[in-house]
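# Results of the structural survey
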Amino acid sequence: MADYSKPNKRSYATDVECVKHFREFFGDRYVYEIDCLQIEKYKTERLLKVKPSTVNRELNVLKCMFHRAIEWDMILDSPAKKVKKFQVDDKRVRFLTVEEINRLLSVCSGSLFGIVGLAINTGMRRGEILKLKWEDVDFENGIIYIEASSSKNKCHREIPMNSFVIKTLEELKKNARSPYVFCKPGGCFLGSIRKSYATALEKANIKDFRFHDLRHTFCSQLVNSGVDIYTVMELAGHKSIKMTMRYAHLTPNQKKVAIEILGSKMDTFWTPSGQGADLPAGNFMNLS
């Protein structure tokens, strides 16, 4: 944890939680004493308490730990290598309606209002928002700069701010003790909003909704508003169009609209005058 996870991984806090579960199950066994069967039993036991996707994330951490153990000459092979993860549906796209967005924001207060508001209006990830510093906010040009070190994809991003985001950030009281936009009263890094966010969801009567789903809400609302997929891809910071195509099904009428646009263009040079009207020269259909 100290030599690899903390200095190299953004998921250090998550790793800490995973290791707690590993220690509870595997106890005082040495690394070389853990075998494939024991890991399978760990999977089975954890599945009684958490979702398959959570077990998979914990297995990823365990596999990474054994891989490090091989690199550090502690073991010759990884017992986790042959352990298969659960098959889960990774295409889950849960997003809020406009009415649900208003309901959620109405029960958020303090920093949580700004954090949730930014997530919905910029598509920023939770970690990106919590690490956001005032020096990264350009009010003059209306842009938020996300440094590569804070981004999941390790790519620098520039996110335009709409009027809601600008007003929300301008009304925040800057803490003289902290460089962070959102921080604790003493100026320390905020860290976690899990409890306050869960409370807000309960008050708003919104169920089965993760914080990451606010990012889905951002993308979905853009697509529903007619923004093209490639622009959504850039704004969301997706590495490939495949990620963004998850939202394409939200605009079933766009193909029809596109055909109607083409039809209106055709009408400018050919308008049938009635039954038996002449087709334009060079027509490409054989209507006989």
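In what follows, the structure referred to is the one given above.
First, a word on what this report is: a plain description of the structure on this page. (Residues numbered from 1 in each chain as written. Predicted model: local features only at pLDDT ≥ 70, side-chain atom pairs only at ≥ 80, totals over all residues. Heavy atoms only, no water.)

For the rest of this paragraph, the subject is the overall build of the protein. On a plain count of helices and strands, the protein comes out with 13 helices and 3 strands. The buried share of the protein, taken over its 288 residues, is 35%. A separation of at least 24 residues holds for 58% of the contacts in the protein among residues at least 6 apart in sequence. If you sum the accessible surface of the protein, you get close to 18,700 Å²; carbon and sulfur atoms cover 54% of it. (Helix = DSSP H or I, 4+ residues; strand = E, 2+ residues; numbered from the N terminus. Buried < 20%, exposed > 50% of the residue type's maximum accessible area, 1.4 Å probe, protein only. Contact = heavy atoms within 4.5 Å. Areas by Shrake-Rupley, 256 points an atom, 1.4 Å probe, with all protein chains shown as cover.)

The next subject is the side chain of Ser178. Checked against the element boundaries, Ser178 lands in the loop between α8 (163-171) and α9 (194-203). Taking relative accessible area as the criterion, Ser178 reaches 5% and is therefore assigned buried. Looking at Ser178, its side chain comes within polar contact range of the main-chain nitrogen of Tyr180, at 3.1 Å. From its side chain, Ser178 meets the backbone oxygen of Gly187 in a polar contact 2.9 Å long. With sequence-adjacent residues up to four places away left out, Ser178 is seen in contact with Cys183 and Gly187. (Polar contact = N/O pair within 3.5 Å; in protein donor to acceptor, adjacent residues only side chain to side chain.)

Let us now look at the state of the cysteines. In this structure the tally under the stated criterion is 0 disulfides. Residue Cys188 stays outside any disulfide, its sulfur separated by 8.3 Å from that of Cys183, the closest cysteine. (Disulfide = S-S within 2.5 Å.)

Our next topic: the pattern of salt bridges. Applying the stated criterion across every chain, the model contains 10 salt bridges. Where Arg46 meets Glu58, a salt bridge forms, and the shortest distance between an N and an O atom there is 2.6 Å. Taken together, the residues Arg46 in helix α3 (residues 36-47) and Glu58 in helix α4 (residues 52-71) connect sequence positions 12 residues apart. Through salt bridges with shared partners, a single network forms among Arg125, Glu128 and Arg157. (Salt bridge = Lys/Arg side-chain N within 4 Å of Asp/Glu carboxyl O.)

The phi torsion at Asp73 lies on the positive side, around 60°, for a residue other than glycine. Here Asp73 is to be found in the loop between α4 and α5 (98-106). By relative accessible area, Asp73 is classed as exposed at 70%.

Geometry only, nothing functional implied.
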